[in-house]
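Summary of structural features
The chain contents come next:
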Amino acid sequence: MSETVRTSARVRASELVGRNWLNTGGKTLGLEALRGKIVLLDFWTFCCINCLHVLDELRPLEEQYSDVLVTVGVHSPKFEHEADPVALAAAVERYEIHHPVLDDPELDTWKAYTARAWPTLVVIDPEGYIVAHLSGEGHADGLAVLIPELIAEHEAKGTLHRGSGPYVAPEPTSGTLRFPGKALFLPAGRGSVAQEEAHDGGAAASAAANGSWLVTDTGHHRLVELATDFQTVLATYGSGTKGYADGPAGGETATAEFNEPQGLVLLPEDVAAKAGYDVVIADSVNHRLRGLSLKDGKASTLAGNGVQRLLETGPARVDEHAAGVTGKLGGHPLEVALSSPWDVVWSGKLNAVVVAMAGVHQIFSFDPISGDVAILAGNGLEGLLDGPADEAWFAQSSGLAEDADGNIWVADSETSALRKLVIADDRTVTVESAVGKGLFDFGFRDGPAAEARLQHPLGVTVLPDGSVAIADTYNGAVRRYDPAAGTVSTLARGLSEPSDVIVDHTQSAGSEPLLVVVEANKHQLVYVPIPKEAQQVDEGASQTQRPKSPVAPGPLDLTVRFKAPTGQKLDDRWGDPTQLKISSTPPELLVSGGGTSVGLLRTLELSADVPEGVLHITARAAACDGPETEDGEIPDHAACHLYQQDWGIPVVLQGDGDTELVLDLRGMD
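**Concerning the sheet that holds strand S28 (residues 447-448)**
Here 5 strands make up an open sheet; going across it, the order is S28-S32-S31-S30-S29 and the pairing antiparallel. Each edge of the open sheet is held by one strand with a lone partner, namely S28 and strand S29 (459-462). In the sheet, strand S30 (residues 468-472) pairs with strand S31 (residues 477-482) via 5 bridges, with the strands oriented antiparallel. Bridge pairing links Ile 470 to Arg 479 in S31.

Structural data, given as structure tokens:
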């Protein structure tokens with residue numbers, strides 16, 4: 001079994017350097033001002049679903065230890081758009097971040113703390129020394145043990161100072177909508193306003209005759225039904241209180257609660273009649289699928305137990321060939337763990353709801369009649385890889401649309417890619433990519449699809465001519481992919497983080513079909529014409545700018561440090577509970593040492609003929625709670641935890657480069 005690696009040297013924390021501070025009332029913070037507090041640095045970027053998970057993991061700890069713990073978000077952007085200070089301020093408000101945030105667009109503090117992945121957590125003790133370096137999510141339980149240990153130690157030494165922290169709340173925005181996520185057209189007769197209720201004319205009569213729009217009002221934790229003017233509110237669903245509760249959802253007496261709802265889909269009428277609800281909602285932060293009956297305004301839970309899904313059970317979820325587990329998940333749908341469902345669409349071929357399960361980089365399905373939940377595609381590894389469903393890689397898929405052939409188009413946000421699930425008549429699924437190159441490649445470039453670039457797209461829809469419109473979120477644009485010509489063009493620009501795009505056939509704003517765009521950062525829906533002649537834009541292709549690690553050709557000794565938290569033990573009941581999976585871009589960079597095997601130590605062989613590239617490293621470890629039994633075994637029914645991080649390490653080959661690479665999954669100093 002792999003050894004846990006721990007260093008004994010005390011390392012002084014580096015100063016916090018960046019462009020600006022948020023949530024401090026305009027004040028600049030330094031470590032000296034934070035001396036006496038336990039400081040938790042959270043290196044994040046607002047595109048990253050794992051970073052958003054960590055924000056929620058930390059909230060209970062921040063509340064419990066508010067007098068001794070100061071969390072500092074260090075925003076180190078992956079995408080170009082995330083370096084925009086206005087966009088960052090909007091994200092801090094959108095995600096209700098209640099701690100100081102350092103804007104680190106040049107990655108100065110990121111580099112000072114040798115962060116290599118989003119998210120990364122660094123714990124600094126009250127004397128200013130680093131005591132823990134943690135990668136990935138799922139560390140809340142370990143922090144809940146570490147923080148009291150530090151409190152006891154530094155109270156005894158007299159170096160702990162209790163009192164309020166430096167957080168200052170910003171001025172909130174207001175309006176009917178707040179950071180809306182997705183929208184859904186409700187045809188006449190399916191919305192809240194029935195024909196017989198619309199005798200008075202006006203918006204109600206228009207909705208009864210022409211339909212209406214149901215919007216996830218994500219920042220207000222509710223759903224809003226709007227008339228086709230996008231101004232008139234016809235109904236609201238959810239109390240507006242962030243939380244989780246089923247029951248009456250309509251109107252001012254609503255008690256049902258949502259937590260950042262995102263995608264939603266209207267079931268076919270015959271399916272809805274059998275299921276007892278009309279709309280399926282991706283309730284993202286609750287990690288659940290919810291149902292809404294538009295007839296009686298009641299919300300219900302369809303799938304998900306509210307516990308965030310991390311990995312498949314066992315020390316590894318893929319085999320040595322990178323094949324994952326697909327097919328039906330056992331148990332009652334309310335007992336299945338989900339992870340940040342972001343969008344949903346009805347599949348006529350599958351007779352099921354297809355779900356973009358952003359948090360685990362997979363595509364699920366849900367059958368409203370049987371309640372069956374299944375993994376449709378993706379092995380859970382983050383990246384861009386096509387092929388059979390159980391071998392494909394996705395990266396935070398966030399938008400879905402069905403085409404006339406019954407295939408599902410996917411906006412794969414973290415790879416800035418447009419993907420497609422090709423569903424055969426026997427329901428087997430193959431994954432293809434139309435646009436996109438990899439996790440760290442993005443840009444704003446039209447032309448041949450192989451050279452075209454997007455930037456973190458969140459929405460997708462199929463146009464009347466069979467081409468695909470993409471909500472290219474971080475480029476502030478709507479793009480078009482033409483499958484017949486294999487080209488990409490631009491339909492509209494100048495939008496403020498468009499998070500969804502839908503074709504409007506109602507002719508409410510003219511005789512031609514229009515696009516309806518959800519403009520998240522302007523808190524509105526807008527009509528956008530489909531131009532006869534699309535624009536051709538080339539603002540270049542980019543890569544995420546992270547420092548490249550100089551390494552020498554030949555042997556490279558890789559060590560991933562992991563120490564289980566106090567009160568947990570590595571779960572070795574079925575052998576070594578740790579695992580590394582390693583590959584490279586380009587593949588020729590890695591002469592040997594690739595593939596999947598147990599252990600957190602490995603020697604790689606790097607080619608002298610490849611000047612630079614990226615090492616893709618996935619590390620996993622399984623640990624369980626509870627004191628050991630007399631024979632040193634983990635107790636039966638102990639709660640177990642799976643730790644994982646995916647790194648993409650840019651490297652440059654040079655003769656005097658490093659021959660060792662050390663990464664922290666859970667390194668304790």
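After that view, the rundown keeps rolling.
**What to know about the sheet that holds strand S23 (residues 397-402)**
The strand order across the open sheet formed by 5 strands is S22-S26-S25-S24-S23, and the pairing between neighbours is antiparallel. The sheet is open, and its two borders are formed by strand S22 (387-388) and S23, each paired with just one other strand. With 2 bridges connecting them, S22 and strand S26 (residues 429-435) associate as antiparallel partners. Considered in S26, the bridge of Pro 388 is made with Thr 430.

**Concerning the nonpolar core**
Formed by 45 residues in total, the largest nonpolar core has its most connected members in Leu 41, Val 72, Tyr 113 and Ile 124. Those elements that place two or more of their residues in this core are strand S2 (20-22), strand S3 (38-44), helix H1 (49-64), strand S4 (69-75), helix H2 (85-94), strand S5 (101-103) and strand S6 (120-124). Residues Leu 558, Ala 564, Ile 582 and Ala 623 belong to the second largest nonpolar core, which totals 29 residues.

**Things to note about the confidence of the model for the chain**
Confidence in the prediction for the chain averages 90 pLDDT; 91% of positions are at 70 or higher. Overall, residues 312-318 carries pLDDT values under 50, and its contacts beyond four positions in sequence, including any with other chains, amount to 26 contacts.

**Considering the pairing of strand S40 (residues 578-585)**
Where burial is concerned, most of S40 is hidden: 6 out of the 8 residues are buried. As defined by bridge partners, S40 adjoins strand S44 (residues 612-625) across 8 bridges and the pair is classed as antiparallel. Within the sheet, the bridge partner assigned to Thr 578 lies in S44 and is Ala 621. With 4 bridges joining them, S40 and strand S42 (residues 595-598) adopt antiparallel strand pairing. Following the sheet pairing, Ile 582 is matched in S42 by Gly 595.

**Notes on helix H4 (residues 140-157)**
The end-to-end C-alpha distance of H4, which contains 18 residues, comes to 26 Å, matching closely the 26 Å that a straight helix rising 1.5 Å per residue would cover. Where H4 is concerned, the buried positions are Ala 140, Gly 142, Leu 143, Leu 146, Ile 147, Leu 150, Ile 151 and His 154. Within H4, the buried residues cover an arc of 160° as seen down the axis, which keeps them to one side. Gly 158 sits one or two residues past H4 and shows a positive phi near 80°.

**Looking at unusual backbone geometry**
Note: most peptide bonds trans; most residues except glycine with negative phi. At the junction of Trp 118 and Pro 119, the peptide bond is cis and its omega measures out at -10° in the coordinates. Take Pro 119: it is sitting in the loop between helix H3 (108-112) and S6. Here the bond from Thr 585 into Pro 586 is cis, since omega is -5°, no more than 30 degrees from zero. In this structure, Phe 179 takes a positive phi of about 50° despite not being glycine. Position of Phe 179 among the secondary structure elements: in the loop between H4 and strand S8 (183-186). Residue His 523 is not a glycine yet carries a positive backbone phi of 60°. Mapped onto the secondary structure, His 523 falls in the loop between strand S34 (514-519) and strand S35 (524-529).

**Things to note about the side chain of Asn 259**
Looking at the secondary structure, you find Asn 259 in the loop between strand S12 (247-248) and strand S13 (261-266). Its relative accessible area of 9% is what places Asn 259 among the buried residues. Setting aside residues no more than four positions away along its own chain, Asn 259 makes contact with His 221, Lys 242, Gly 243, Asp 283, Ser 284, Val 285 and Asn 286.

**Examining the packing of aromatic side chains**
Taken as a whole and assessed by the stated rule, the structure comprises 11 aromatic pairs. Here Phe 562 and Tyr 643 contribute two aromatic rings whose centre-to-centre distance is 5.1 Å and whose plane-to-plane angle is 55°, an arrangement assigned as tilted. Taken as a pair, Phe 562 in strand S38 (residues 554-562) and Tyr 643 in strand S45 (residues 640-653) lie far apart in primary sequence, 81 residues in all. The rings of Phe 43, Trp 110, Tyr 113 and Trp 118 are connected pair by pair, giving a single aromatic cluster. For Arg 10, the ring lying beneath its charged end belongs to Tyr 129, and the centroid distance is 3.8 Å. In this structure, Arg 419 is placed above the aromatic ring of Phe 394, and the distance from its NZ or CZ to the ring centre is 4.8 Å.

What counts, and at which threshold
Residues numbered from 1 in each chain as written. Predicted model: local features only at pLDDT ≥ 70, side-chain atom pairs only at ≥ 80, totals over all residues. Heavy atoms only, no water. Pairing = 2+ DSSP bridges. Helix = DSSP H or I, 4+ residues; strand = E, 2+ residues; numbered from the N terminus. Core = buried A, V, L, I, M, F, W, Y, C linked by side-chain atoms within 4.5 Å. Buried < 20%, exposed > 50% of the residue type's maximum accessible area, 1.4 Å probe, protein only. pLDDT = per-residue confidence, 0-100. Contact = heavy atoms within 4.5 Å. Expected span 1.5 Å × (residues − 1). Arc of directions from axis to C-beta. Phe/Tyr/Trp six-rings, centres within 6.5 Å; stacked < 30°, edge-to-face > 60°. Lys NZ or Arg CZ within 6 Å of the ring centre and 35° of its normal.

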